[in-house]
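The lines below spell out each chain.
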Amino acid sequence: QVQLVESGGGLVQPGGSLRLSCAVSGSIFRIYVMSWYRQAPGKERELVAGIDSSNDTNYAGSVKGRFTISRDNANNTTFLQMNSLRPEDSAVYYCRWVLQRTRWDMRNDYWGRGTQVTVSS
């Protein structure tokens, strides 16, 4: 059973920083894409940032220059460094990975359960 677990969320003041982590439990063969999504109340879930196996990255325009996604392949972990946080960044943040559990499996999406980020004074 593969599970993604996010951590690092919390309450922070505007202008502050947080670092989210997403780690996997269970054995896997290969990770292709690691990404972060967020969903605020009453809004659709949106892509925040993604990184592929070549370390190419993609960011939502609203976070470009403030957020940085990275991956630790040795430990099968991805991070989202969030700086200069704004109240509109408040949301539940989810990690989503595209991976193969074994070399015989197809690629599939896996989602974490989310971690709450609240930016407020």
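It should be noted that the structure appears before, not after, this text.
Keep in mind that what you see is a predicted model, and the values were worked out from it rather than measured. (Residues numbered from 1 in each chain as written. Predicted model: local features only at pLDDT ≥ 70, side-chain atom pairs only at ≥ 80, totals over all residues. Heavy atoms only, no water.)

(A) Inspection of the state of the cysteines at higher detail. Tallied over the full model, the rule gives one disulfide. With a sulfur-sulfur separation of 2.0 Å, C22 is cross-linked through a disulfide to C95. Judged by the sign of its S-S torsion, about 50°, the bond between C22 and C95 is right-handed. Note that C22 is positioned in strand 3 (residues 18–25) and C95 in strand 9 (residues 91–100), a separation of 73 residues in sequence. Accessibility classification places C22 together with C95 in one group, the buried group. (Disulfide = S-S within 2.5 Å. Helix = DSSP H or I, 4+ residues; strand = E, 2+ residues; numbered from the N terminus. Buried < 20%, exposed > 50% of the residue type's maximum accessible area, 1.4 Å probe, protein only.)

(B) Inspection of the pattern of salt bridges at higher detail. Applying the stated criterion across every chain, the model contains four salt bridges. In this structure, E46 and R38 form a salt bridge, with 2.7 Å as the shortest nitrogen-oxygen distance. For R38, a relative accessible area of 7% puts it in the buried group. Residue D89 pairs with R38 through a salt bridge whose shortest N-O separation is 3.0 Å. With a gap of 51 residues between them, D89 in the loop between strand 8 (77–82) and strand 9 and R38 in strand 4 (residues 30–39) connect regions that are remote in the sequence. (Salt bridge = Lys/Arg side-chain N within 4 Å of Asp/Glu carboxyl O.)

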